[in-house]
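# A structural walkthrough
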Amino acid sequence: MFQRFIRAIKSMFGGFVSSMEDPKLILEQNIRELNDQIPQMNENIATVKANAVMLKKEVDRYEKQISEVTSKIKSAINADRDDLAEGYALQLEKARENLEHSREQLKFADQAYEKALKVKKAFMREKDKKIKEAREALRASERAEWQGRVADALESFETGGLDQTHNEMLSRLNENTARNEARMEIALESVDTETMEIEANAEKLRAQELVNQFKQEMGKSPKTEEKEKKIDVEESEKTSTDSGKTVGRDRAKS
């Protein structure tokens, strides 16, 4: 009974936590955490590399010490100073032990550094893969949200009455337009347009008569203008004829 109660409690809290989880926010947080792990990993690799560099310097120092102590031993033996040679021999033995120990540590340090680089390479590959998958999922989620909003809008056209209202307003406008056009046609048909044109022409003729009267009073009647134009033409023709005869006489004299 108690186990069943525990399972019921876990199921309740598990469902509550699941309802609070936002996959989009969690994926974004995962991307940040994966990127944040890179500096710490680089720092750890740098520490391993520094240990290997330090051990390499120790190996070089011990090798140099061994070379120097060996030279001193040979010099002491040549000088028949076995006591000094014995002291140098003990130093040489200790240096060789230290060199061997440092070489072993350097070997493990180099292996650790290579392994750390491999781990980082695998981590970077897996990180890039997970980030790529997360970003693709986020983009797909954004597309789905946009499609959902479009679907909601389309559904609201039908279920919300917007589409019906839209069509109804269009019908009303078209009906009002047709009604006004019909009224205009009926109004034009009821008006005697021929009489209006005749009256307009009569007014135009009356205006022309008034203008002609003013011209006659001013000596600018159409008949006077025609006579003046005719006299000007005759005088111009006579002048041209006389000038032609004069030119002919001049040529005959010459």
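## Topic: the confidence of the model for the protein
- Per-residue pLDDT for the protein averages 76, and the proportion of residues at 70 or more is 69%.
- Looking across the protein, the model is least confident in helix α1 (residues 2-20), with a mean pLDDT of 52, and most confident in helix α2 (residues 23-78), with 88.
- Under a pLDDT of 50 for its full length, residues 245-249 has, in the predicted model, 0 contacts with residues more than four places off or in other chains.

## Remarks on unusual backbone geometry
- For Asp80, which is not a glycine, the phi torsion comes out positive at approximately 55°.
- Its place among the elements puts Asp80 in the loop between α2 and α3 (82-159).

## Notes on the packing of aromatic side chains
- Counting across every chain of the model gives 0 aromatic pairs.
- Seen from the ring of Tyr113, Lys49 lies directly overhead, with NZ or CZ sitting 4.6 Å from the centre.
- Taking NZ or CZ as reference, Arg61 lies 5.3 Å from the ring centre of Tyr62, over its face.

## What to know about the pattern of salt bridges
- Counting across every chain of the model gives 5 salt bridges.
- A salt bridge links Lys56 to Asp60; the nearest nitrogen and oxygen atoms lie 3.1 Å apart. Of this pair, Lys56 and Asp60 both sit in helix α2, 4 residues apart, which is roughly one turn of that helix.
- Lys56 sits in the partly exposed class, given a relative accessible area of 40%.
- Take Asp60: its relative accessible area is 35%, and that puts it in the partly exposed class.
- One salt bridge in this structure joins Asp128 and Lys127, with 3.1 Å as the shortest N-O distance.
- Judged by relative accessible area, which is 41%, Asp128 ranks as partly exposed.

Basis of the calculations
Residues numbered from 1 in each chain as written. Predicted model: local features only at pLDDT ≥ 70, side-chain atom pairs only at ≥ 80, totals over all residues. Heavy atoms only, no water. pLDDT = per-residue confidence, 0-100. Helix = DSSP H or I, 4+ residues; strand = E, 2+ residues; numbered from the N terminus. Contact = heavy atoms within 4.5 Å. Phe/Tyr/Trp six-rings, centres within 6.5 Å; stacked < 30°, edge-to-face > 60°. Lys NZ or Arg CZ within 6 Å of the ring centre and 35° of its normal. Salt bridge = Lys/Arg side-chain N within 4 Å of Asp/Glu carboxyl O. Buried < 20%, exposed > 50% of the residue type's maximum accessible area, 1.4 Å probe, protein only.

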